[in-house]
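Coordinates in review
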There are 2 protein chains.
Amino acid sequence: MARAQLSNPKKPLAADAPVCEASLVHLDNVRQVQPEVLETNQAQRMAEFFSALSDPHRLKLLSALAQQELCVCDLAAAVKMGESAVSHQLRVLRSHRLVKYRRQGRNVYYSVADDHVASLYREVSEHLNE
Amino acid sequence: MARAQLSNPKKPLAADAPVCEASLVHLDNVRQVQPEVLETNQAQRMAEFFSALSDPHRLKLLSALAQQELCVCDLAAAVKMGESAVSHQLRVLRSHRLVKYRRQGRNVYYSVADDHVASLYREVSEHLNE
DNA sequence: TTCCTACTTGCACATCTGTTCAGAGGGTGA
DNA sequence: TCACCCTCTGAACAGATGTGCAAGTAGGAA
């Protein structure tokens, strides 16, 4: 998942330190933009979310689950992965609430958690197909 | 970026091989879902795109650029990163067409490339704030 | 109970990622 | 031309990720 390397100890850069060695030129820009920069916590959460979607196998799993509820071994067969790998990846999706699951007898059935995934999917497809 | 480990040589799994050792139970499901599973190439592309957004620093950079066009050293100051690191990350964003840039004198000014990013941002915020 | 099946988890390993450092462009102005 | 500034790039490193294996858990059947 996304790394927890948010605090960069090097280059502390006081709030009004000069930028680019000699440039007072752009200091205004920096001051203007800085308060609008995504907060570290939120950036971290968002990065972790995107990170959950940043693996082709997980995307395949989601696309399969978007069709219908499936148990782990069916998923493994559908996307041609080992069951262990599927289980590992489902845990990632689960932890980001991208899928939900229910146990029925010996099987665990997974399905997509909500509609945001579908919207995201559409957005990205659009971007990629330009 | 996302790994290029899409072809898994283990567990080849012929199209109509039995699933879950003994289960003819779910074979129908697998057959039904399999053709709808995201194609490997597209899954790969999509994963790489999400991967570009899966780093908190890159998200911060984008949020800064969403405010206004900025040169590299201003960006570095705004998100408190080293300039080299910023340059490396901008390359990632650039290669996924999330930002565009123009050279003006000694500076290179970056800005967000299109509106999809904003939409994505909204979608994800919504999901995360539930 | 015991066995079997479906799934999960811990570990080790190979691979990938993001950072810093050092140095190389590329452009400006003297 | 040169010196300087801004930016980019390659190498090396630490840390993270995904996989298979092997062991473990949970539910159902005998």
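Residues numbered from 1 in each chain as written. Chains lettered and ligands numbered in written order. Predicted model: local features only at pLDDT ≥ 70, side-chain atom pairs only at ≥ 80, totals over all residues. Heavy atoms only, no water.

In the nomenclature of an unreviewed UniProt entry, chain A is known as ArsR family transcriptional regulator of Phormidesmis priestleyi.

1. With respect to the interface of chain B and chain A
Here is the rule we go by: Any pair of residues with heavy atoms lying within 4.5 Å of one another is described as a contacting pair. Note: buried area is the sum, over both parts, of the accessible area (probe 1.4 Å) each one loses when the two are combined. By salt bridge we mean one thing: a side-chain nitrogen of Lys or Arg within 4 Å of a carboxyl oxygen of Asp or Glu. Under the rule applied, a polar contact is a pair of N or O atoms within 3.5 Å (in protein, one hydrogen donor and one hydrogen acceptor; residues adjacent in sequence only if both atoms are side-chain atoms). A helix here means a DSSP run of H or I that spans at least four residues, while a strand means a run of E at least two residues long, and both kinds are numbered starting from the N terminus. Residue polarity follows a fixed list, in which Ala, Val, Leu, Ile, Met, Phe, Trp, Tyr, Cys and Pro are nonpolar, Asp, Glu, Lys and Arg are charged, and the others, Gly among them, are polar.
Each partner contributes residues to the interface: chain B has 69 residues there, and chain A has 68 residues. In total, chain B and chain A occlude about 6,400 Å² of area from one another, counting both sides; carbon and sulfur atoms represent 62% of this. The three residues of chain B that bury the most area against chain A are Phe50(B), His116(B) and His127(B), which together make up 10% of that side's buried surface. Linking chain B to chain A there are zero salt bridges. The tally of links from chain B across to chain A stands at nine residue pairs in polar contact (both at pLDDT 80 or more). At the level of secondary structure, the elements contributing two or more residues to the side of chain B that touches chain A comprise α1 (27-33), α2 (40-52), α3 (56-67), β1 (70-71), α4 (72-79), β3 (107-112) and α6 (116-128) of chain B. Counting residues per element, the side of chain B that touches chain A draws most heavily on α6(B), which supplies 10 residues. Residues belonging to the side of chain B that touches chain A are distributed by class as follows: 32 nonpolar, 22 polar and 15 charged.

2. Description of the relation of the copies chain B and chain A
Heads up, the condition is: We place the copies in one frame by least squares, fitting the C-alpha atoms of every residue whose pLDDT is at least 70 in both.
Expressed as a screw operation, the relation of chain B to chain A combines 0.0 Å of axial shift with a rotation of 180°, fitting to an RMSD of 0.1 Å. What the rotation and shift describe, once combined, is the action of a two-fold rotation axis.

3. Focus on unusual backbone geometry
A positive phi angle, near 55°, is found at Arg97(A), a position not held by glycine. Note on placement: Arg97(A) falls in the loop between α5 (83-95) and β2 (99-104).

4. Structural notes on the sheet that holds strand β3 (residues 107-112) of chain A
All names here are of chain A. For clarity, the cut-off: Whether two strands pair comes down to DSSP finding at least two bridges between them. To obtain each axis, a line is fitted to C-alpha atoms, and for helices this fit is confined to the stretch in contact; angles are then taken between N-to-C directions over 0 to 180 degrees.
Strand order in the open sheet made by the three strands is β1-β3-β2, with antiparallel pairing throughout. Edge positions in the sheet fall to β1 (70-71) and β2, since each of these pairs with one other strand and no more. As defined by bridge partners, β1 adjoins β3 across two bridges and the pair is classed as antiparallel. Counterpart to Leu-70 in the pairing with β3 is Tyr-110. Against the sheet, α5 engages β2 and β3, with an angle of about 120° to β2.

5. A closer look at the packing of helix α4 (residues 72-79) of chain A against α5(A)
All names here are of chain A. Rules: Each angle gets one of four labels, with under 35 degrees taken as roughly parallel, over 145 as roughly antiparallel, 65 to 115 as roughly perpendicular, and the rest as oblique.
Their axes nearest at 9 Å, the elements α4 and α5 cross at an angle of 105°. If you check the angle between α4 and α5, you find them roughly perpendicular. Between α4, through Val-72, Cys-73, Leu-75 and Ala-76, and α5, the contact on the second element is made entirely by Glu-83, Val-86 and Leu-90. In terms of residue class, the contact of α4 with α5 is made up of six nonpolar, no polar and one charged.

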